[in-house]
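# Descriptive structure summary
Each chain, letter by letter, is given below.
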Amino acid sequence: MQVIGALGVAPYPQGAFLLISGSCHCGNIAFELLWEPEPAEIPARACTCSFCTKHGGVWTSCPTGALSVVVADPASVSRYAFGTKTAQFHICAKCGVVPVVTSEIEGKIYAVVSVNAFQGVDRSLLKHASATFDVEDGQSRLGRRKRTWISSVKFRNGNA
Ligand SMILES: [Zn+2]
């Protein structure tokens, strides 16, 4: 059982916030997302790219939030990239779940997380929509990620 706040996303802000916990099925890749200010709803974007269509990727992000990802066994994470190869899907090699996608833009890591990997989040908060990004060129894609993806991202080796 995962303890809320255990992954070190703190310090917590003064105002209202939501702390979301998530992980792959076996727990090798775990995350905490500090969503601030507290959301009235959480956008859940079913990505229509060829990879997300096959594995059912549904993503969210809070550009003003902070994400902490803890990987217990980095050797058991497959990082998959395709197409423009600007995004990395972090796939647990043990259980096959994809909790996190990252994109490195100008030396900074941006991320989105899978709403399907959430634990203990009220599902009625999720506002489902589909998103098609295939028509974007490379520059507008990276610009959108800088605006809308989580910009405070920490990765930690759980054994370190
Ligand atoms: Zn796993």
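The numbers attached to residues start from 1 for each chain and follow its sequence in the written order. Given that the model is predicted, a residue must reach a pLDDT of at least 70 before its local features are reported, and side-chain atom pairs must reach 80 or more before they are shown or counted; all residues, however, enter totals for whole chains, interfaces and linings. The side-chain values count all of the structure's non-hydrogen atoms but skip hydrogen atoms and water molecules.

## Some words on the sheet that holds strand E10 (residues 118–119)
- In this scheme, strands are said to pair when DSSP sees at least two bridges between them. Here a helix means four or more residues in a row that DSSP labels H or I, a strand means two or more in a row labelled E, and each is numbered from the N terminus. Across the sheet, 5 strands lie side by side as E10-E1-E2-E5-E12; this open sheet has mixed pairing. Each edge of the sheet is formed by a strand with only one pairing partner; in this case those strands are E10 and strand E12 (152–157).
- Pairing between strand E1 (residues 18–23) and E10: 2 bridges, direction antiparallel. Across the sheet, residue glycine 22 finds its bridge partner in E10, namely phenylalanine 118.

## Some details on the side chain of serine 76
- Inspection of the secondary structure assignment puts serine 76 in the loop between strand E5 (66–71) and strand E6 (77–80).
- Pairs of N or O atoms are called polar contacts if they sit within 3.5 Å, as long as, within protein, a hydrogen donor faces a hydrogen acceptor (for residues adjacent in sequence, only side-chain-to-side-chain pairs). Separated by 2.7 Å, the side chains of serine 76 and aspartate 73 make a polar contact.

## Here's the deal with the coordination of the zinc ion
- Only N, O and S atoms count as donors, using a 2.8 Å limit from the metal and a wider 3.2 Å limit for Na, K and Ca, and since water is excluded some coordination spheres may look unfilled. Only Cys24 (SG), Cys26 (SG), Cys92 (SG) and Cys95 (SG) from the protein reach the zinc ion as donors, at distances of 2.3 to 2.4 Å.
- Here a site with four donors is tetrahedral if all angles are between 85 and 135 degrees, and a site with four or six donors is square planar or octahedral if opposite donors are over 155 degrees apart and the other angles are between 65 and 115; anything else gets the irregular label. One can describe the donor arrangement at the zinc ion as tetrahedral, given that its 4 donor atoms subtend angles of 102 to 119° at the metal.
- Sequence positions of the residues that donate to the zinc ion give the spacing C-x1-C-x65-C-x2-C. Of the two residues, cysteine 26 is situated in the loop between E1 and strand E2 (29–35) and cysteine 92 in strand E7 (residues 87–92); the sequence distance between them amounts to 66 residues.
- Among the residues examined, cysteine 26 registers a relative accessible area of 42% and is labelled partly exposed. Relative accessible area decides the class of each residue, using a 1.4 Å probe on protein chains only: under 20% of the type maximum gives buried, over 50% gives exposed, and in between gives partly exposed.

## Describing the packing of aromatic side chains
- To pair, rings of Phe, Tyr and Trp, with the six-membered ring standing in for Trp, must have centres within 6.5 Å; the planes then decide the type, stacked if under 30 degrees apart, edge-to-face if over 60, and tilted in the middle. Applying the stated rule across the entire model yields 7 aromatic pairs.
- A ring pair is formed by phenylalanine 51 and tyrosine 80, whose centres lie 5.0 Å apart and whose planes are at 55°; its orientation type is tilted. Highlighted residues: phenylalanine 51 in helix H1 (residues 50–55) and tyrosine 80 in strand E6, separated in sequence by 29 residues.
- Taking the centre distance of 6.0 Å and the plane angle of 55° together, the rings of phenylalanine 51 and phenylalanine 82 count as tilted. Taken together, the residues phenylalanine 51 in helix H1 and phenylalanine 82 in the loop between E6 and E7 connect sequence positions 31 residues apart.
- Chaining the aromatic ring pairs together yields one cluster made of Phe51, Trp59, Tyr80, Phe82 and Phe89.
- Taking the ring centre of tyrosine 110 as reference, the NZ or CZ of lysine 108 above it sits at 5.7 Å. Charge over a ring is defined by NZ of Lys or CZ of Arg lying within 6 Å of the ring centre and within 35 degrees of the ring normal.

## Re the pairing of E1
- E1 sits mainly inside the fold: 5 of its 6 residues count as buried.
- Relative to E2, E1 is paired through 6 bridges, and the arrangement is antiparallel. Residue serine 23 lies in a different strand from E2, and its bridge partner there is alanine 30.
- Linking E1 back to E2 in an antiparallel pair, the connection comprises 5 residues, with glycine 27 at a positive phi of about 90°.

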